[in-house]
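So the chains spell out like this:
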Amino acid sequence: MKLAFQLAYKNLVGAGLRTWLNVGVLAFSFIIILFYNGLIDGWDEQARRDTIAWEYGHGQLLHEKYDPYDPFTLDDGHGPLSKEQRKNLVPILIRQAAIYPQGRMFSVMLKGVQSDQTTLELPTDAFGESDAALPIIMGSQMADAAKLKEGDEVTLRWRDKHGTFDAAAVTVVKVFKTNVPTVDNGQIWMPIEKLWEMTGLTDHATLCVANEAFESKEVAGWTFAAQESLLKTLNDIIATKKASGSIMYLLLLAIALLAIFDTQVLSVFRRQKEIGTYIALGMTRTQVVGLFTVEGSMYSVFAMVIGCVFGIPFLSYLAHTGIPMHSGSQDMGIAVAERIFPVFGLQLIVGTVLLVVISATIVSFLPARKIAKMNPVDALKGKLV
Amino acid sequence: MHTDTLISLNNVTKRFPVGEGEFTALSGINLSFKAGEFAGLVGPSGSGKTTLLNIIGSLDSPTEGEAVVLGKRISELSHKESAMLRNKHIGFIFQVYNLLPVYTVYENVEFALLLQNVPAAERKKAVMDALEWVGLAGLANKRPDKLSGGEGQRVAIARAMVKRPQILLADEPSANLDAENTYAILETMKQLNKELNTTFLFSTHDEKVMKYLDRIVHLRDGKVESDEIIDPEKYSL
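### Let's talk about the overall build of chain A
Piece 1. Counting its secondary structure elements, chain A contains eleven helices and 13 strands.
Piece 2. Expected size for 385 residues packed as a compact globule is a radius of gyration near 21 Å; at 31 Å, chain A overshoots this value by more than 25%.
Piece 3. The principal-axis extent of the C-alpha atoms belonging to chain A is close to 100 × 45 × 30 Å.
Piece 4. Taking all 385 residues of chain A together, 42% fall into the buried category.
Piece 5. Intrachain contacts of chain A at a sequence separation of at least 6 include 81% that bridge at least 24 residues.

### What about the packing of helix α7 (residues 232-270) of chain A against helix α9 (residues 285-321) of chain A?
All names here are of chain A.
Piece 1. Taken N-terminus to C-terminus, the directions of α7 and α9 make an angle of 150°; their axes are 11 Å apart at the nearest point. Here α9 runs roughly antiparallel to α7, going by the angle between their axes. Once α7 is placed against α9, the crossing between them reads as right-handed. Side by side, α7 and α9 meet where I260, Q264, S267 and V268 of the first sit next to F292, G296 and Y299 of the second.
Piece 2. Per-class residue counts for the contact of α7 with α9 are four nonpolar, three polar and no charged.

### With respect to the domain arrangement of chain A
Piece 1. Taken as a whole, chain A is organised into domain 1 (2-52 + 233-381) and domain 2 (60-225).
Piece 2. The C-alpha centroid of domain 2 of chain A is placed 50 Å from the C-alpha centroid of domain 1 of chain A.

### Looking at the sheet that holds strand β9 (residues 215-220) of chain B
All names here are of chain B.
Piece 1. Ordered by their spatial adjacency, six strands build an open sheet running β6-β7-β8-β3-β9-β10, and the pairing between neighbours is mixed. The sheet is open, and its two edges are formed by β6 (90-93) and β10 (223-229), each paired on a single side. Here the strands of the sheet are splayed against their neighbours by 15° on average, with no regard to which way each runs.
Piece 2. Bridging between β6 and strand β7 (residues 167-171) involves four bridges; their strand directions are parallel. Within the sheet, the bridge partner assigned to G91 lies in β7 and is L168.

### Describing the environment of A:L110
Residue and element names in this part refer to chain A.
Piece 1. One can find L110 in strand β4 (residues 106-113).
Piece 2. Looking at L110, the number of C-beta atoms within 10 Å reads 24, which means it is buried.
Piece 3. It is 5.2 Å that separates the C-alpha atoms of L110 and I188, two residues lying 78 residues apart in sequence.
Piece 4. Those residues in contact with L110, other than ones at most four positions away along the chain, are R95, A97, W158, I188, M190 and L195.

### Focus on the nonpolar core
Piece 1. With 108 residues, the main nonpolar core has A:L26, B:A158 and B:L201 as its most contacted residues.
Piece 2. Each residue touching A:L26, except ones within four places of it in the same chain, is listed here: A:A256, A:Y299, A:S300, A:A303, A:V356 and A:A360.

### Some words on α9(A)
Residues and elements named next belong to chain A.
Piece 1. Helix length check: α9 (37 residues) gives 52 Å between terminal C-alpha atoms against 54 Å at 1.5 Å per residue, within 8%.
Piece 2. When the local axis directions of α9 are compared, the greatest deviation, roughly 45°, occurs at G311, which is followed within four positions by the proline P313.
Piece 3. Looking at the residues trailing α9, positive phi occurs at G322, about 80°.

### Section: helix α3 (residues 105-115) of chain B
All names here are of chain B.
Piece 1. α3 sits mainly inside the fold: ten of its eleven residues count as buried.
Piece 2. Among all positions in α3, only V105, Y106, E107, N108, V109, E110, F111, A112, L113 and L115 are buried.
Piece 3. The secondary structure elements touched by the buried residues of α3 are α2 (79-89), α4 (120-133) and α5 (149-161).
Piece 4. Of the residues trailing α3, N117 is marked for its positive phi of about 55°.

### A closer look at the interface of chain A and chain B
Piece 1. Facing 17 residues of chain A, the contacting portion of chain B comprises 18 residues.
Piece 2. The set of elements that each furnish at least two residues to the side of chain A that touches chain B consists of α1 (2-15), α8 (272-280) and α11 (376-381) of chain A.
Piece 3. Per-class residue counts for the side of chain A that touches chain B are eight nonpolar, five polar and four charged.

### Quick notes on the sheet that holds strand β4 (residues 64-69) of chain B
All names here are of chain B.
Piece 1. Strand order in the open sheet formed by four strands is β2-β1-β4-β5, and the pairing between neighbours is antiparallel. For this open sheet the edge positions go to β2 (21-34) and β5 (72-73), each flanked by a neighbour on one side alone.
Piece 2. Where strand β1 (residues 5-18) and β2 come together, ten bridges link them in antiparallel fashion. Its bridge partner being in β2, R15 is matched across the sheet by T24.

Reading guide: rules and limits
- Residues numbered from 1 in each chain as written.
- Chains lettered and ligands numbered in written order.
- Predicted model: local features only at pLDDT ≥ 70, side-chain atom pairs only at ≥ 80, totals over all residues.
- Helix = DSSP H or I, 4+ residues; strand = E, 2+ residues; numbered from the N terminus.
- Rg over C-alpha atoms; globule rule 2.2 N^0.38 Å.
- Buried ≥ 20, exposed ≤ 12 C-beta atoms within 10 Å, placed from the backbone.
- Contact = placed C-beta atoms within 7 Å.
- Axes fitted to C-alpha atoms, helices over the stretch in contact; angles between N-to-C directions.
- Parallel < 35°, antiparallel > 145°, perpendicular 65-115°, else oblique.
- Left-handed = near helix turned anticlockwise from the far one by under 90°.
- Nonpolar A, V, L, I, M, F, W, Y, C, P; charged D, E, K, R; others polar.
- Domains from an automatic or database assignment.
- Pairing = 2+ DSSP bridges.
- Core = buried A, V, L, I, M, F, W, Y, C linked by C-beta atoms within 7 Å.
- Expected span 1.5 Å × (residues − 1).
- Bend = angle between axes of the 7 residues up to and from the residue.

The structure is reproduced here in structure tokens:
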């Protein structure tokens, strides 16, 4: 085997430009695969981190009648929780409401949250820092959509626990930036104590976000959803993105492998005399097949080396500076930061290396098998097989 | 001394399929060659010289009859066994040298020893000795495309001889050489034949080569026309 590697190395280096063209294409594919998967992994990591920080915390205790995917459950999907039951939890009461910026009606989810909570990244401390009677905060996407800014007053209409409409002017005390659209788009946040007063639903919550000290326990009428189960939707979306994106890099890899396959097929035809000479000098056919297969897989090894030369600085730069995402990316409905920092983990790198090496070896072996059927006398004469 | 029979051909026949019929390249060949012979298969194109060399070199096997080389029946050898036979005991010299183009002269000669897993120091000495024999030690780092025809053929001789084979098969070794180079390589081969007692078997129709042979087997239409001992004194020993 060592001999096959020695000979393959010499043959490839000796082949000159033909080798380096194949290596170049394969190295490019290798880097693109790493880049794309690193980007998705970086996005995945960022989306998980931000979604946990802004929305899910360490899990959520959901009222049994509340379904996050069904707004019709909001009316009944809430219930009281005692202070003891709320220990290590941030209660959130969700009500449907409307605001009237510049006279237009704008349906919103009105969410009450504690001013002093620290479990979520929401800047709820802004409630306490304001003198406004009814302070609200909202995300920048929401503020843009409603054409509101910090300091603006806007009419809010809501219904109390009896279904009676009421309205009051609320003041935007903070517009925050977040990568998590589910705490931003169509939502306004206010102190839960105020919302309890406004709705008459004192101590009620629709859901509670757990902090890291929370210990899951049975609470009648409530269901605990662990962090991982809450992230399942996000994971599914990212997995779908990864699968659809893989078509692009698999096509690229296929082109590179086709180039190797083509070179190997040509080699078997063009190098028949050489093959015959190897056999005449005492190599077994299996050894010659092995030599040609190793030559093919060595393209991938060279591609790794070349890929490292331009890939490490390029990917390191991207991992350091991040990749800017266009403003419309928030419309995808999941957390997308303004910049995504690709993550190139060991698993990704080892997996990509194995993918490239194994696939290059397979496409090299397929044409090389012909050698095993070659008559050495015909090979020495250079007759076509 | 020609005491040990290295090659024994008994009623060897070789046929090749041609279209729907067959072409008989060799027909009922009975020959034997002993250690240290410097013999040639002589005949016009198509007389079966190269086919016979290929069978002796275990690159091919007879359709009928028996070819025994160094005690091994060629038709019974597996691919691996015939590769082993060539690797250890048989050297080839080809008409167009068949040097490996991306290797240097040194690496071409070294190749046979790499296949035998000879240790590096021993390998280096053997390669340099072989290049000294053929007078090309100074061109060790050159690639085949930088060599003249004569130099290329001498590299091929060094490559064939470096493993000290018992049998060396040379297929039209002078076909691409001028007279001066032909005589030079023949002198080299004759000297190696004497020094190492290697059996040389040529396929040729070159008069210059024939002058050096101790035994000439004339082939015509795949049959032995005559088997001529040129140096009876040597054969009587």
